[in-house]
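Structural features, examined
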Amino acid sequence: MSELGHIGIVGGGAFGTALACLGRRAGRRVTLWSRDPSVAAAIAGDRSNPVYLPGFPLDAGVEAASDLTALAACDAILLVCPAQAVRELAARLAGSAPVVICAKGIEASSGLLMPEVLAEVLPGRPFAMLSGPSFAEEVARGLPTAVSIATADPALGRTLAGALAAGAFRPYWTHDVLGVALGGAVKNVLAIAAGIVEGRGLGHNAAAALITRGFAEMARLGQAMGAELETLTGLSGLGDLVLTCHGPLSRNRALGEALGKGTRLADYMAGRRQVVEGAATAPAVLARAARYKIEMPICAAVDAILHRGADLDEAIRALLARPLRREGK
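Structural notes, computed from the coordinates. Keep in mind that what you see is a predicted model, and the values were worked out from it rather than measured.

Let us now look at helix H4 (residues 114-121). Restricting attention to buried positions, one finds in H4 the residues Met114, Pro115, Val117 and Leu118. Buried residues of H4, seen end-on, are gathered within an arc of 155 degrees and therefore sit on one face of the element. Looking at the packing, one finds that the buried side of H4 touches strand E4 (76-79), helix H3 (86-91), strand E5 (99-101), strand E6 (127-131) and helix H7 (177-199).

The following block contains the structure:
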């Protein structure tokens, strides 16, 4: 597997479309599958994705597909779908090409991280996990971006990094699949909290404290599960956390900001086609933390606000009233 000349992409959303742009920039043949036939038709006919990534013309070398069998002959398949759809779509993948999971979250029904889901669905299939601070629009524009590619096979990691590196896009490989997967899941929940801080007008001091204490929660859970601290402080952990908590293009942060301004979750989500991963991930993160007896008060507050009818101001007061303790705990 010296070169991955043909890359298949499962998912015609913003990030899948951005990775299609990246693949062509890297000189790869790209086949992009979309569940929505109208999106596939727009990509094939108009060379654009007006629904999920408007304003970015697509290279003629991006082939559109509305049938997953079109990806069977690809040299690698990027799974760029919502986390809750990974199991269903992975089960439909034919062939033996390595699968690169680009979904960030935890499966709500099972509590499994994305690599654990793939191992159940496609046992023995080579795979990797791609994650890191990477807004789709900026990847599509070719702006400087660095990500982590985690896989147990170092040769596969190097090959994938070489196949996707293009211009200012820099992939770094690591063996810590668990750490990369967990960081990408937990940061989405914390980004909702960061948005609430912004929407409620709690100030920059609170925003900085939220990111710092939120990372402490991520690190506690990650280390209890066996992830490496080096990974959690890297691109797919702290790096992605900073981006999604601070960056204006973050869907999770935008949801939190709306909640902070008094919008109800159901009203915010009504009519939206894009998934906000942190909403489904919050209870799954807490269930995982409970198994390891790890406290995650910020994530718990987000879950209570989203799914348990908690009053927003009361949840904030409860966090501020927690017992004082030595930093690092």
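Anyway, onward from the coordinates.
In this section: the side chain of Thr231. Take Thr231: it is sitting in helix H9 (residues 229-232). Only 2.7 Å separates the side chain of Thr231 from the side chain of Asp176, close enough to count as a polar contact.

What follows deals with the pattern of salt bridges. What the rule picks out here adds up to 20 salt bridges. Where Arg322 meets Glu295, a salt bridge forms, and the shortest distance between an N and an O atom there is 3.6 Å. Linking Arg322 in the segment after helix H15 (312-320) with Glu295 in the loop between helix H13 (277-291) and helix H14 (297-307), this pair joins segments that are 27 residues apart in sequence. According to the relative accessible area criterion, Arg322 is partly exposed, its value standing at 27%. Overlapping salt bridges, with partners in common, bring together Glu198, Arg253, Glu257 and Lys261 in one network.

Looking now at helix H6 (residues 154-164). Here H6 has its buried residues at Leu156, Gly157, Thr159, Leu160, Ala161, Ala163 and Leu164. Of the residues that open H6, the one with a side-chain oxygen 3.0 Å from the backbone nitrogen of Ala155 is Asp153.

Reading guide: rules and limits
Residues numbered from 1 in each chain as written. Predicted model: local features only at pLDDT ≥ 70, side-chain atom pairs only at ≥ 80, totals over all residues. Heavy atoms only, no water. Buried < 20%, exposed > 50% of the residue type's maximum accessible area, 1.4 Å probe, protein only. Helix = DSSP H or I, 4+ residues; strand = E, 2+ residues; numbered from the N terminus. Arc of directions from axis to C-beta. Contact = heavy atoms within 4.5 Å. Polar contact = N/O pair within 3.5 Å; in protein donor to acceptor, adjacent residues only side chain to side chain. Salt bridge = Lys/Arg side-chain N within 4 Å of Asp/Glu carboxyl O.

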